[in-house]
Amino acid sequence: MKVIRAKSAGFCWGVERAIKIAENYAEKNSGKVLTDGPLIHNSQMMEKLEKSGVREVGDYTSEKELQLSEEDKKSSVLVVRAHGISPERRKYLKNLGMEFRDATCPDVGVIAGRIKAGARKGKNTVVFGDPKHPEVIGLLGYAGGRGYVVQNEEDIEALPEMEGGVAMVSQSTMFVHEFQRLSDLLREKYPEAEIYDTICGATKERQTDLRKLVQQGAEAIIVIGGHHSANTRKLAKLAMEHDRPTYHIETAEQINPQIMSQYQTVGVTAGASTPDFIIDSVCKTLRGIEPVPAEA
Ligand code: SF4
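No experiment lies behind these values; they were computed from the predicted model shown.

### Points about the packing of aromatic side chains
Centre distance and the angle of the planes are the two values used to describe a pair of aromatic rings. All chains considered together, the criterion is met by 2 aromatic pairs. The ring of Tyr-25 has Lys-28 lying over it, and the distance from NZ or CZ to the ring centre is 4.7 Å.

Laid out in structure tokens, this is it:
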């Protein structure tokens, strides 16, 4: 079978940077690195990281208090994930008295800076994103109590009258076309609204590459990544919107050779937290499947 692998499949630069920071500290610090919530949303990679001494503490949304022993506090370094955290969480973590290292993706830092600058001028912020996602929870912390999260038209309709002006940003991993649609609607409601497209370059590239897979003749799309990874789930949704049978898998073992053998050409993409070793093994397995010619 012919396999077309999207150029952007796998780690984005923000995730790669966070992993390097954690691994470097694990090496230097004799394997004692704690992360505030899962460093990345990929259980296979988390298992690998655990073996090199990177351990997750805390919770998915980085909101609960950390249960750490005095020994942990003295001998470990605490690393913040690529998603970033709220200023309140940062203060809390820094007050734990541990060595602290911030691996927030600089692209998320730019969004936080934009919100902070608006809040200082008394502006309200509308964030297009998932209110339960840790990145959005962290970003809202910069809005000075004047932040709103929207996911659809109904959420925009429900926004109250706002004094002081409105600025709209996006969670870094949203769909470009949906942001455009919702920001147009927001402008209709608040004609003076400032719109900032803060979807990161890595996300845009991944969405463009998916279209290219279809243009290059992929009859079906394989999306690799954690089932709990928001950006991987979005990629799978986008693939389905292109009217291609889409298979969201976590590892090569989940490929069904009988089903895949009906295709001559398959496109492969992967979420921002999917390691190369998994993408390589999926591509290898697919290449080994002999397509069965369709019956006349
Ligand atoms: S998806 Fe974008 S914003 Fe998020 S970590 Fe990767 S590069 Fe940074």
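This is not the end of the story, as more comes after the structure.
### Re the site of the ligand
Close to the ligand lie Cys-12, Trp-13, Gly-14, Cys-105, Asp-107, Val-108, Ser-172, Thr-173, Cys-200, Ala-202 and Thr-203. Elements supplying a minimum of two residues to the shell around the ligand: α1 (13–28), α5 (106–120) and α9 (201–215). Within the shell around the ligand, the residues separate by chemical class into 6 nonpolar, 4 polar and 1 charged.

### A look at the sheet that holds strand β11 (residues 246–249)
Taken in spatial order, the 4 strands line up as β1-β12-β10-β11 in an open sheet, and their pairing is parallel. Where the open sheet ends on each side, the last strands, each with one partner, are β1 (2–5) and β11. Going from strand to strand, the sheet's axes swing by 25° on average, the running direction of each strand aside. Relative to the sheet, α9 contacts β1, β10 (220–224) and β12 (265–270), its axis offset from that of β12 by approximately 175°.

### Focus: the UniProt feature "binding site: dimethylallyl diphosphate" (unreviewed entry) in the protein
If you check UniProt for "binding site: dimethylallyl diphosphate" (unreviewed entry), the listed places come out as His-41, His-83, His-133, Ser-229, Asn-231 and Ser-273 in our numbering. Cross-referencing the annotated residues with the largest cavity identifies His-41, His-83, His-133, Ser-229, Asn-231 and Ser-273 as lining it. Locating His-83 in the fold gives a position in the loop between β4 (77–80) and α4 (87–94). Overall, His-83 belongs to the buried group, its relative accessible area being 18%. If sequence neighbours within four positions are ignored, His-83 has contacts with His-41, Val-108, His-133, Pro-134 and Glu-135. Here His-133 is to be found in the loop between β6 (124–128) and α6 (134–140). Residue classification places His-133 among the buried residues on the basis of a relative accessible area of 3%.

Rules behind the numbers
- Residues numbered from 1 in each chain as written.
- Predicted model: local features only at pLDDT ≥ 70, side-chain atom pairs only at ≥ 80, totals over all residues.
- Heavy atoms only, no water.
- Phe/Tyr/Trp six-rings, centres within 6.5 Å; stacked < 30°, edge-to-face > 60°.
- Lys NZ or Arg CZ within 6 Å of the ring centre and 35° of its normal.
- Near = heavy atom within 4 Å.
- Helix = DSSP H or I, 4+ residues; strand = E, 2+ residues; numbered from the N terminus.
- Nonpolar A, V, L, I, M, F, W, Y, C, P; charged D, E, K, R; others polar.
- Pairing = 2+ DSSP bridges.
- Axes fitted to C-alpha atoms, helices over the stretch in contact; angles between N-to-C directions.
- Contact = heavy atoms within 4.5 Å.
- UniProt positions renumbered as here; feature names shortened; annotations may be inferred.
- 1 Å grid on protein atoms, 1.4 Å probe; cavity = no way out; pocket = protein on both sides within 12 Å on 5 of 7 lines; lining within 4 Å.
- Buried < 20%, exposed > 50% of the residue type's maximum accessible area, 1.4 Å probe, protein only.

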